[in-house]
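Chain and residue survey
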Amino acid sequence: MKKLLALTPLALLAACGEEPAPEPVDTAPAEPVVSLPAPDEALFAEVFASTCPAAEPVSTSVCKRAMGAETVSCEFGLGEDTALRHDATLAADESGENWVLDNAEAICSEHDSHHVDI
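From a predicted model like this one, the values you see are computed outputs, not experimental measurements.

**Quick word on the overall build of the protein chain**
Per the secondary structure count, the protein chain includes 3 helices and 4 strands. The proportion of buried residues among the 118 residues of the protein chain is 23%. Surface exposure of the protein chain reaches about 8,900 Å², of which carbon and sulfur atoms provide 56%.

Okay, here's the thing in structure tokens:
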């Protein structure tokens, strides 16, 4: 106990010699990140149908988004096909509020359809 009492004044002296902590600097709040929800099978089918109206309808699809990625990779089947034989990438439109087919012209022509800008 005597040793503890003897060390207390030394600790107080050491604390007095320290510089004060810097004052916090005001920073502007970060812009909120707007992120579109992951597209499900129905949303992908809707985007594909509205972009490539003459193509067979989407029968099945699976879309995956890598963490932090701005685009979504989708595999899909058309018509009666239940296999995921085709690939497409979805990206946010200019407003950042809707998904659109990336490289729509090439994807639509692959499926015998012209593309429509939405």
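Right, picking up where we left off after that structure.
**Here we look at the state of the cysteines**
If you walk through the whole model with that rule in mind, you get 2 disulfides. In this model, Cys52 is linked to Cys108 through a disulfide, with the two sulfur atoms separated by 1.8 Å. Across the disulfide from Cys52 to Cys108, rotation about the S-S bond amounts to roughly -75 degrees, and the bridge is consequently left-handed. On the criterion of sequence distance, the pair formed by Cys52 in the loop between α2 (41–51) and β1 (58–64) and Cys108 in helix α3 (residues 104–110) is long-range, its members being 56 residues apart. Of the two residues examined, Cys52 and Cys108, each falls in the buried class. When the cysteines of the protein chain that form disulfides are numbered from the N-terminus onward, they connect as 1-4, 2-3.

**Comments concerning the nonpolar core**
Counting 18 residues, the largest nonpolar core has Phe44, Phe48, Phe76, Leu90 and Leu101 as its most contacted members. Sorting the residues of this core by element identifies α2, β2 (71–78), β3 (86–92), β4 (99–102) and α3 as the ones contributing at least two each. Sorting elements by how many residues they give to this core places β2 first, with 4 residues. When sequence neighbours within four positions are dropped, the list of residues in contact with Phe48 reads Ala55, Glu56, Val58, Phe76, Leu78, Leu101, Ile107 and His111.

**Topic: the sheet that holds β4**
Read from one edge of the open sheet, 4 strands run β1-β2-β3-β4, paired in antiparallel fashion. Only two strands of the sheet have a single neighbouring strand rather than two, namely β1 and β4. Averaged over all neighbouring strand pairs, the angle between strand axes comes to 35 degrees, with direction disregarded. Of the strand pairs in this sheet, β1 and β2 are connected by 6 bridges, and their pairing is antiparallel. Looking at the pairing, Thr60 lines up with Gly77 of β2. This element, α2, spans β1, β2, β3 and β4 of the sheet and lies at about 115 degrees to β1.

**Side note on the packing of aromatic side chains**
For the structure on display, the rule yields 3 aromatic pairs. Judged by centre distance (5.1 Å) and plane angle (50 degrees), the rings of Phe48 and Phe76 are tilted. Of this pair, Phe48 sits in helix α2 while Phe76 is found in strand β2, placing the two residues 28 residues apart along the sequence. The residues Phe48 and Phe76 share a single accessibility class, namely buried. One aromatic cluster in this structure is built from Phe44, Phe48 and Phe76.

Rules of the game
- Residues numbered from 1 in each chain as written.
- Predicted model: local features only at pLDDT ≥ 70, side-chain atom pairs only at ≥ 80, totals over all residues.
- Heavy atoms only, no water.
- Helix = DSSP H or I, 4+ residues; strand = E, 2+ residues; numbered from the N terminus.
- Buried < 20%, exposed > 50% of the residue type's maximum accessible area, 1.4 Å probe, protein only.
- Areas by Shrake-Rupley, 256 points an atom, 1.4 Å probe, with all protein chains shown as cover.
- Disulfide = S-S within 2.5 Å.
- Core = buried A, V, L, I, M, F, W, Y, C linked by side-chain atoms within 4.5 Å.
- Contact = heavy atoms within 4.5 Å.
- Pairing = 2+ DSSP bridges.
- Axes fitted to C-alpha atoms, helices over the stretch in contact; angles between N-to-C directions.
- Phe/Tyr/Trp six-rings, centres within 6.5 Å; stacked < 30°, edge-to-face > 60°.

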